[in-house]
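# Chains, contacts and geometry: an overview
Each chain is listed here by its residues.
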Protein chains: 2
Amino acid sequence: MSAGAGDETLAGYRSGIDDIDASLVALLGERFKITKQVGIYKARVGLPAADPEREAAQIVRLREVAASVGLDPAFSEKLLRLVFAEVRREHELARSDDNADG
Amino acid sequence: MSAGAGDETLAGYRSGIDDIDASLVALLGERFKITKQVGIYKARVGLPAADPEREAAQIVRLREVAASVGLDPAFSEKLLRLVFAEVRREHELARSDDNADG
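Residues numbered from 1 in each chain as written. Chains lettered and ligands numbered in written order. Predicted model: local features only at pLDDT ≥ 70, side-chain atom pairs only at ≥ 80, totals over all residues. Heavy atoms only, no water.

### Overview of the relation of the copies chain B and chain A
Rules: Only residues with pLDDT of at least 70 in both copies contribute their C-alpha atoms to the least-squares superposition of the copies. Two residues qualify as a contact provided that any one of their heavy atoms is within 4.5 Å of a heavy atom in the partner residue.
In screw terms, the move from chain B to chain A is a rotation of 180° and a rise of 0.0 Å along the axis, fitting with an RMSD of 0.0 Å. On the angle and the small slide along the axis, the relation comes out as a two-fold axis. A symmetric contact is evident, with 100% of the interface residues of chain B recurring at the interface of chain A.

What follows is the structure, encoded as structure tokens:
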């Protein structure tokens, strides 16, 4: 049993958190739909899967957005790096599928 | 210079990604506003900062949401664990502030 089970105040907070988490995952799903397209496109036109300069610019920008909403910029950077690693994995998969197709 | 700079197709994709990232960070900001309240509340009523059973249930639920939107559930779990670690850090800060105040 959860330590806070039966606590209505906590249940209210948790319901808000659960709604946000579902929205976060849905948004990430949208994001990966786009990055899958990017992976296919990059493989087709011969652009490298990773773009370190673009990633550096994204990190700088999102650290600023994070600070503006009261998040620790270091935390936002860690999250974004995890997303980048997943995108890179997908781009490389797209590339090997592309090679497999000739 | 970014490898894809000047490529309009890529620029279109990237603009969509940037919008989603700004929304993700804004939502995370909202999430941490709630978890800060939870941290203060838990410290006040003497509940432990971490709740492993609640976390386990959240992970199971969000792995399902992730799969339903085409995300790798393992990736979603990694992200969520990073968020939990940050929440725990904040809860423990709230607790030590509370102790400092008597």
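### Points about the interface of chain B and chain A
Selection criterion: Put simply, buried area is how much 1.4 Å-probe accessible surface two parts lose in total, over both of them, once they are put together. Whenever Lys or Arg places a side-chain nitrogen within 4 Å of a carboxyl oxygen from Asp or Glu, that contact is recorded as a salt bridge. As used in this structure description, the phrase polar contact means that two N or O atoms lie within 3.5 Å; if the pair is within protein, one of them must be able to donate a hydrogen and the other to accept it, and residues adjacent in sequence are counted only when both atoms belong to side chains. Helix numbering and strand numbering both begin at the N terminus, where a helix is a DSSP run of H or I of at least 4 residues and a strand a DSSP run of E of at least 2. Asp, Glu, Lys and Arg are counted as charged, while Ala, Val, Leu, Ile, Met, Phe, Trp, Tyr, Cys and Pro are counted as nonpolar; the rest, among them Gly, fall into the polar class.
Listed per partner, the contact involves 54 residues of chain B and 54 residues of chain A. Between chain B and chain A lies a buried interface of about 5100 Å² when both sides are counted; carbon and sulfur atoms form 70% of it. Counting across the chain B and chain A interface gives nine salt bridges. Inspection of the region where chain B meets chain A yields twelve residue pairs in polar contact (both at pLDDT 80 or more). The biggest single contributor to the side of chain B that touches chain A is helix α1 (residues 8-45) of chain B, with 27 residues. The class makeup of the residues in the side of chain B that touches chain A is 28 nonpolar, ten polar and 16 charged.

### Looking at the side chain of A:Asp51
Summarising the element assignment, A:Asp51 is placed in the loop between α1 (8-45) and α2 (52-68). If we ignore the near neighbours within four places in the chain, the residues touching A:Asp51 are A:Lys42, B:Ser2, B:Ala3, B:Gly4 and B:Arg14.

### A short note on the packing of α2(A) against α1(B)
The condition that has to hold: Note on geometry: axes are lines fitted to C-alpha atoms, helical ones only across the stretch in contact, with angles between N-to-C directions running from 0 to 180 degrees. Throughout, the term roughly parallel applies to angles under 35 degrees, roughly antiparallel to angles over 145, roughly perpendicular to angles from 65 to 115, and oblique to all others. Crossing handedness is defined as follows: a turn of the near helix away from the far one that is anticlockwise and smaller than a right angle gives a left-handed crossing, while the clockwise case is right-handed.
Between α2(A) and α1(B), whose axes approach to 10 Å, the crossing angle comes to 30°. Between α2(A) and α1(B), the crossing angle belongs to the class labelled roughly parallel. Two packed elements cross with a definite hand, and for α2(A) against α1(B) that hand is right-handed. In this structure, α2(A) contributes A:Arg54, A:Gln58, A:Arg61, A:Leu62, A:Val65 and A:Ala66 to the contact, and α1(B) contributes B:Arg14, B:Ile17, B:Asp18, B:Asp21, B:Ala22 and B:Val25. Looking at the contact of α2(A) with α1(B) residue by residue, the class counts come to six nonpolar, one polar and five charged.

### A word on helix α2 (residues 52-68) of chain B
Quick note on the threshold: A helix is expected to span 1.5 Å for every residue after the first.
With 17 residues, α2(B) extends 24 Å from end C-alpha to end C-alpha; this agrees with the ideal 24 Å at 1.5 Å per step. In the segment just after α2(B), B:Gly70 is the residue with positive phi, at about 85°.

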